[in-house]
Amino acid sequence: MNLPETLTETKRYLLNRGLPDKPESAVILGSGLGNFTNIIRNQVRIPYQHIPHFPTTSVEGHRGELISGTLSGCDIMVFSGRFHHYEGHDFNTTVLPVYLSKLCGVKKLIITNAAGGINTEFKVGDLMLIDSILRLNHITAPNARNPYRLNIEDTVRKAEEIASEIGLFIQQGTYLYVNGPNYETKAEIRAFRYIGADAVGMSTVPELSEASRLNLKAVAVSLITNMAAGITPEKLAHADIKTTAWGRQHDVAKLVKYFIMKL
Ligand code: HPA
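Residues numbered from 1 in each chain as written. Predicted model: local features only at pLDDT ≥ 70, side-chain atom pairs only at ≥ 80, totals over all residues. Heavy atoms only, no water.

A. Spatial organisation of helix 4 (residues 153–165). If you check helix 4, its first and last C-alpha atoms are 19 Å apart, about what 13 residues at 1.5 Å a residue would give, namely 18 Å. For helix 4, the complete set of buried residues consists of T155, V156, A159, I162 and A163. Mapping the buried residues of helix 4 onto a view down its axis gives an arc of 125°, with all of them on the same face. Exposed residues on helix 4 whose side chains face more than 90 degrees from its buried face are E153, D154 and S164. For helix 4, the elements touching its buried residues are strand 6 (127–135), strand 7 (171–177), strand 9 (217–227) and helix 8 (249–262). Of the residues trailing helix 4, G167 is marked for its positive phi of about 70°. (Helix = DSSP H or I, 4+ residues; strand = E, 2+ residues; numbered from the N terminus. Expected span 1.5 Å × (residues − 1). Buried < 20%, exposed > 50% of the residue type's maximum accessible area, 1.4 Å probe, protein only. Arc of directions from axis to C-beta. Contact = heavy atoms within 4.5 Å.)

Below, the structure is given as structure tokens:
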């Protein structure tokens, strides 16, 4: 499977700290969505800085903690805080939660993020199920030796059904991945819209791609925390992203919970 060898030591440490032997689901939480962890029972919380071979995350609104516990009777592990390229992390580090999930025997991975809305029918606060991705920048998975495809269609279909069963309206669309940390210019957003992007963000694509390559069932949902540059006249600020995220915590938590139970 070609996972970094150091992760065996990471896993051993986590098992000693009380991580369940084979958590069924893992969740990667995006900016400002850390509140989801309130609904987890029997929690064990481990700051990233205590975990061998884990870097810390420097982004505001990301706590940098691994939380394990149970939700609706399922063993889960939650990465509250992720690693971005724009913090200077290499590819293997940005996808560390995916590799660790795979090594621990996780069957379902749920990825959340904050994104800028490009589709003019979207509004701030909407949730968007990612049904496709656009990669303009070069991302090379150093562990990949063979060509592979993003393989999310079945999971997207199932996720759509789940959202509709619980009566939660969600958009669906294409997420365009940028390196950041700068926000895009209006001209870039115009171009991204032209080529078919519905939302833009600085994460998730490496994780989703690696999950596909490793045959780990994964679903990703964006919270539209702002409209992208030039779509509306407002200026972007990280503080606004966090405020919107707080306002939708409850629905995001509900959706993730049902994905854990039913995906
Ligand atoms: N652009 C890129 N990343 C983002 C944005 C945005 O507008 N909003 C939240 N993450």
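B. Up close: the side chain of S222. If you trace the backbone, S222 turns up in strand 9. A distance of 2.8 Å separates the side chain of S222 from the side chain of N113, its partner in a polar contact. For S222, the residues in contact, after removing those within four places along its chain, are N113, A115, D126, L127, M128, I130 and Y175. (Polar contact = N/O pair within 3.5 Å; in protein donor to acceptor, adjacent residues only side chain to side chain.)

C. Inspection of the site of the ligand at higher detail. The immediate surroundings of the ligand are formed by 12 residues, with A114, G116, E184, G201 and N226 found nearest. Here a nitrogen atom of the ligand and a side-chain polar atom of E184 are 2.8 Å apart. A distance of 2.6 Å separates a nitrogen atom of the ligand from a polar atom in the side chain of N226. For the ligand, whose accessible area on its own is 260 Å², the fraction buried by protein is 95%. Broken down by secondary-structure element, the contributors of at least two residues to the shell around the ligand are strand 5 (108–117), strand 8 (199–201) and strand 9. A total of 3 residues in the shell around the ligand trace back to one element, the largest contributor, which is strand 5. When the residues that make up the shell around the ligand are grouped by side-chain class, the tally is 7 nonpolar, 4 polar and 1 charged. (Near = heavy atom within 4 Å. Areas by Shrake-Rupley, 256 points an atom, 1.4 Å probe, with all protein chains shown as cover. Nonpolar A, V, L, I, M, F, W, Y, C, P; charged D, E, K, R; others polar.)

Functional significance is not addressed by these values, which are geometric in nature.
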